[in-house]
Amino acid sequence: MVTTDEYFLQVSRYIHLNPVKAHMCKLPEHYQYSSYRSIINMNQDGISSSGKTLGFFKDKSVIRYRDFIEDIGHKYQVSEELIRKSMGEDELWLPW
């Protein structure tokens, strides 16, 4: 259960980077089944809403959100193990 704003953002990063980590694509915006492209205004899928997500960043900045998601240094990182445990997952989820 996502109960804090910080955790919401970490889960967002985890979800959007999972296809990259699984070597299904090179960049999160290349994964067609993700809301990431809609959130960063590359296209609108008609389902996703970016207001809450972008609201955590100054001026609802798409650039700041992309920096947060794609931050190589992971300065905002919360352990993926912690995320999996809180989701009730014992192993790394891969989509195949």
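Once a new chain begins, its residue numbering starts again from 1 and follows that chain's sequence as written. In keeping with the model being predicted, local features are shown solely for residues with a pLDDT of at least 70 and side-chain atom pairs are shown and tallied solely at 80 or more, while totals for entire chains, interfaces and linings include all residues. No hydrogens and no water enter the side-chain calculation; it runs on all heavy atoms of the structure.

A.B. asks: So what's going on with the packing of aromatic side chains? Residues and values would help.
C.D. replies: Working definition: rings of Phe, Tyr and Trp (its six-membered ring) pair if their centres are within 6.5 Å, and the pair is stacked with planes under 30 degrees apart, edge-to-face with planes over 60 apart, and tilted otherwise. In this structure the tally under the stated criterion is five aromatic pairs. Taken together, a centroid distance of 5.6 Å and an interplanar angle of 40 degrees make the contact between Phe 8 and Phe 56 tilted. Taken together, the residues Phe 8 in helix H1 (residues 5-21) and Phe 56 in the loop between helix H3 (51-54) and helix H4 (62-70) connect sequence positions 48 residues apart. A centroid spacing of 6.1 Å and a plane angle of 40 degrees characterise the contact between Tyr 36 and Tyr 65, whose relative ring orientation is tilted. Highlighted residues: Tyr 36 in helix H2 (residues 36-39) and Tyr 65 in helix H4, separated in sequence by 29 residues. In this structure Tyr 36 comes out as buried when scored by relative accessible area, which is 0%. For Tyr 65, a relative accessible area of 0% gives the class buried. Pairwise contacts between aromatic rings join Tyr 36, Phe 57, Tyr 65 and Phe 68 into one cluster. Placement of a positive charge over a ring is assigned whenever Lys NZ or Arg CZ falls within 6 Å of the ring centre and within 35 degrees of the normal to the ring plane. One Lys or Arg, Arg 13, reaches over the ring of Phe 68 and ends 4.2 Å from the middle of that ring. When the ring centre of Phe 8 is taken as origin, the NZ or CZ atom of Lys 52, which lies over that ring, is 4.8 Å away. In this description a helix means any DSSP run of H or I spanning at least four residues, a strand means any run of E spanning at least two, and both kinds are numbered starting from the N terminus. Between buried and exposed lies partly exposed: a residue is buried under 20% and exposed over 50% of the maximum accessible area for its type, with that area taken using a 1.4 Å probe on protein chains only.

A.B. asks: Could you give me a rundown of the side chain of His 16, with the residues and numbers involved?
C.D. replies: Counting through the fold element by element, His 16 comes out in helix H1. Assessed through its relative accessible area of 4%, His 16 is described here as buried. Of the polar contacts made by the side chain of His 16, one reaches the side chain of Ser 34; its length is 3.1 Å. Residue contacts follow a heavy-atom distance rule, with two residues in contact if any of their heavy atoms lie within 4.5 Å. Residues within four places of His 16 in sequence aside, it is in contact with Pro 28, Ser 34, Ser 35, Tyr 36, Ile 39, Tyr 65 and Ile 69. Residues adjacent in sequence count toward polar contacts only when both atoms are side-chain atoms; beyond that, a polar contact is any pair of N or O atoms within 3.5 Å, and within protein one must be able to donate a hydrogen and the other to accept it.

Keep in mind these values describe shape, not function.
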